[in-house]
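Residue-level structure breakdown
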Amino acid sequence: MGQLFQYGWIKGRADLIAGLTVAAISFPQAIAYALIAGVDPKFGVYSAIVVTTIASIFGSSSHLINGPTSAISLLVFTALAFIDPENIGQLYQALFLLGVLVGAFQIVIAVFRLGNLTRYISESVIIGFMAAAAFLLAIGQLGNALGVKDKGNGHMQVLRRVWLTLFHGDAINYRAVIISAAAVVLAVVFRKAVQRFGLPQIDMLAVLIVTALIAYLAGWSVPGVGGRTAVSVAAKVPRSLPTPHIPDVNTAWLPELSTGALAIAFVGIIEALSIAKAIAHQTQQKLDYNRQIMAEGLANLGGGFFQSLPGSGSLSRSAINFQSGAKTRFSGIVSAATVAVALLLFAPLLRYVPQPALAGLLLVIAARLVDFKRLIYTLKASRYDAGLVIVTALTGIAIDLDKAVLLGVILSILLFVPRAAKLKATELVVTPERVVRERVRGDLPDASTVIYDLEGELFFGAAPELDRHLADLTDRIGAEDQGKIVILRLKRVRHPDVVCIERIEHFLRELTDRGVTVLLAGLRPDAAAILKNVGFQSWFPAEHVFPEEDREFSATLKAVRYAHAKAADRPATQADLYYLV
């Protein structure tokens, strides 16, 4: 309630200005992204109202603006490709059901707090996905830009459809080429003007207005004989707000839609969290990631019941929202309300917007989707990253985007586990100067003490590595060294589980039975808790455990002093000074 009363005119004015600014770009983007998805433009506008509002109410980020995005729309187009595009009724019911499934998947991820799993998805997968998405978006708009009708159907591979459209289709419409080229040029010029002079970011809206005027004054968007126009115009958007609608559930669609919905859910979460994190890094806002994922799910679920295109966090609209001075999530609600008012007031004017102009804008959007500098940087970084980028991108282009995302996610995890399972073991020695450091060639072994340092993830995947290191250590001690003291340093092992803890317990019991003294140095609280749960304290001497301390090496040094004092059969004292490097 305190925050509610703190919300005054200053914040309200900032949110109002930011929301109005965002709405100016939301309206044309919503129409363009609906066309990318291959559905009626009104569903994109409805998404800019419903999805944006729900996500703003329940989200965590103060600046993230949700709604239709180019990447999500491309995935929607792929997910709906199995539906005959001529069967409009089925296509739209499948769209709404897809939105419900996307929202349901995201809510499940939030409920089970699985959002952290997204950190195991390599950014190289997202870079490859965006490259494929940009390529598919660009070639998918060539037909509209040239004024020719798309050939083929959604069951065909996209490159084959483009080939048929360009080389076995209609003659190129020079008027459409002029409009689309003008849209590209104007989009570039207007964006440079906005950046140079700090103008409001309404460059996309300005492009549509100017190209619509050019087409109207030239008579190309005015119906002639037979009611046809010289260039295609945007579909009519009804002057009405979204209404509740329960999608038809066709069980035969579920296998196809579920695959697409899962890919959209993952990409939507990654997209939204990445944008929210980037802005929060500048504002120092603390984000609740799980809450934001829940908001994404609720927004898409609600959108599915209000005839909306699935959406996610929008990079362009969120950046504009932040740069326009938004203070709270209320700016998103202002944006959605403004789009709703604009729909009621200006919907009839959309029939004058030339479709080639939208195609030109989408070509520009496609080019801006790819961060070419980062793409090249990633390809150069390592074969691992380059492989993920290439495999994801080629799968997206050759097969489809949702399978590219899922394949990229699977590859990320499969490649991550072996790397995470790398457990490093280093033998340490105490030099004559009483310095503890890594043993190198030429160092004589300590007659009484062996010090081993383990480092890495101590989970089930690392068990084979752990077995190998413990076997080497057992061999290192030898059968004749019953009086030997072993210091096992566990300061730098992380996330232990029962599999690895059991291996360590067996190792300790085996050496203890042979008369070898084992000291555990730097034992972390999580490992200590698991050992306690399995009854470790009932048989292992408490004085042989040196828990993790605030200082990096204090526990290890205490263990070394204890070992040397025990070997000399005297109490350990502060005079036994050591340094660890």
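Residues numbered from 1 in each chain as written. Predicted model: local features only at pLDDT ≥ 70, side-chain atom pairs only at ≥ 80, totals over all residues. Heavy atoms only, no water.

Tallied over the full model, the rule gives 2 cavities of 30 Å³ or more. In this structure, the largest cavity encloses a volume near 60 Å³. Lining the largest cavity are 16 residues; nearest its centre among them are Ala55, Ser56, Ser61, Leu64 and Arg329. Within the residue set of the lining of the largest cavity, elements represented by two or more residues are α3 (41-58) and α14 (330-346). Roughly 40 Å³ of volume is contained in the second largest cavity. What lines the second largest cavity is Glu427, Leu428, Val429, Val430, Pro445, Asp446, Thr449, Ile451 and Arg476. Listed by contribution, the elements that provide at least two residues to the lining of the second largest cavity are β3 (424-430) and β5 (449-457). Considering every element that reaches the lining of the second largest cavity, the biggest residue donor is β3, with 4 residues. The class makeup of the residues in the lining of the second largest cavity is 5 nonpolar, 1 polar and 3 charged. (1 Å grid on protein atoms, 1.4 Å probe; cavity = no way out; pocket = protein on both sides within 12 Å on 5 of 7 lines; lining within 4 Å. Points joined across faces, edges and corners; volume = space filled by probe spheres on them. Helix = DSSP H or I, 4+ residues; strand = E, 2+ residues; numbered from the N terminus. Nonpolar A, V, L, I, M, F, W, Y, C, P; charged D, E, K, R; others polar.)

The subject of this paragraph is the nonpolar core. If you look at the biggest cluster of nonpolar residues, it comprises 97 residues, and the most contacted ones within it are Val39, Val76, Leu80 and Leu98. Take this core: its biggest share by element is 11 residues, from helix α2 (residues 9-37). Excluding residues within four positions of it along the chain, Val39 makes contact with Ala34, Leu80, Tyr92, Leu95 and Leu309. Leu454, Leu473, Leu508 and Leu523 belong to the second largest nonpolar core, which has 28 residues in total. (Core = buried A, V, L, I, M, F, W, Y, C linked by side-chain atoms within 4.5 Å. Buried < 20%, exposed > 50% of the residue type's maximum accessible area, 1.4 Å probe, protein only. Contact = heavy atoms within 4.5 Å.)

Taking the numbering used here, the UniProt-annotated feature "transmembrane region" (unreviewed entry) corresponds to residues 16-37, 43-59, 89-112, 124-143, 172-190, 202-222, 257-276 and 330-347. As a span, residues 257-276 carries 100% helix and 0% strand, and end to end its C-alpha atoms are 28 Å apart. (UniProt positions renumbered as here; feature names shortened; annotations may be inferred.)

Within strand β6 (residues 485-494), 8 of the 10 residues are buried, leaving the element largely enclosed by the surrounding structure. The pairing of β5 with β6 spans 8 bridges and is parallel. Bridging across to β6, Val450 finds its partner in Val486. Strand direction decides the pairing type here: β6 and strand β7 (residues 517-523), joined by 5 bridges, are parallel. In the sheet register, Leu488 faces β7, and the bridge partner there is Leu520. Once the chain exits β6 it traverses helix α20 (residues 498-513) before rejoining the sheet at β7, and the crossover so formed is right-handed. (Pairing = 2+ DSSP bridges. Right-handed = clockwise from strand over helix to strand, strands pointing away.)

If you check helix α18 (residues 401-420), its first and last C-alpha atoms are 28 Å apart, about what 20 residues at 1.5 Å a residue would give, namely 28 Å. Of the residues making up α18, those classed as buried are Leu401, Asp402, Ala404, Val405, Leu406, Gly408, Val409, Ser412 and Ala420. (Expected span 1.5 Å × (residues − 1).)

Where α3 contacts α14, the two axes come as close as 8 Å, and the packing angle between them is 160°. In terms of orientation, α3 and α14 fall into the roughly antiparallel class. Our pair here, α3 against α14, has a crossing hand that is left-handed. Contacts from Val45, Tyr46, Ala48, Ile49, Thr52, Thr53, Ser56 and Ile57 in α3 reach Gly332, Ile333, Ala336, Val339, Ala340 and Leu343 in α14. Taken together, the residues of the contact of α3 with α14 break down into 10 nonpolar, 4 polar and no charged. (Axes fitted to C-alpha atoms, helices over the stretch in contact; angles between N-to-C directions. Parallel < 35°, antiparallel > 145°, perpendicular 65-115°, else oblique. Left-handed = near helix turned anticlockwise from the far one by under 90°.)

Quick look at the confidence of the model for the protein chain now. This prediction gives the protein chain a mean pLDDT of 87; 94% of its residues lie at or above 70. A low-confidence stretch, residues 1-5 (pLDDT under 50), is modelled with 0 contacts involving residues beyond four sequence positions or located in other chains. (pLDDT = per-residue confidence, 0-100.)

Now for the side chain of Ser312. With respect to the helices and strands, the residue Ser312 is situated in strand β2 (residues 312-313). For Ser312, a relative accessible area of 0% puts it in the buried group. In terms of polar contacts, Ser312 uses its side chain to reach the backbone carbonyl oxygen of Gly268, at 2.7 Å. Of note is the side chain of Ser312, whose polar atom sits 3.4 Å from the side chain of Glu271. In contact with Ser312, other than residues within four places in its own chain, are Ile65, Asn66, Gly67, Thr69, Ile72, Gly268, Glu271, Ala272 and Glu296. (Polar contact = N/O pair within 3.5 Å; in protein donor to acceptor, adjacent residues only side chain to side chain.)

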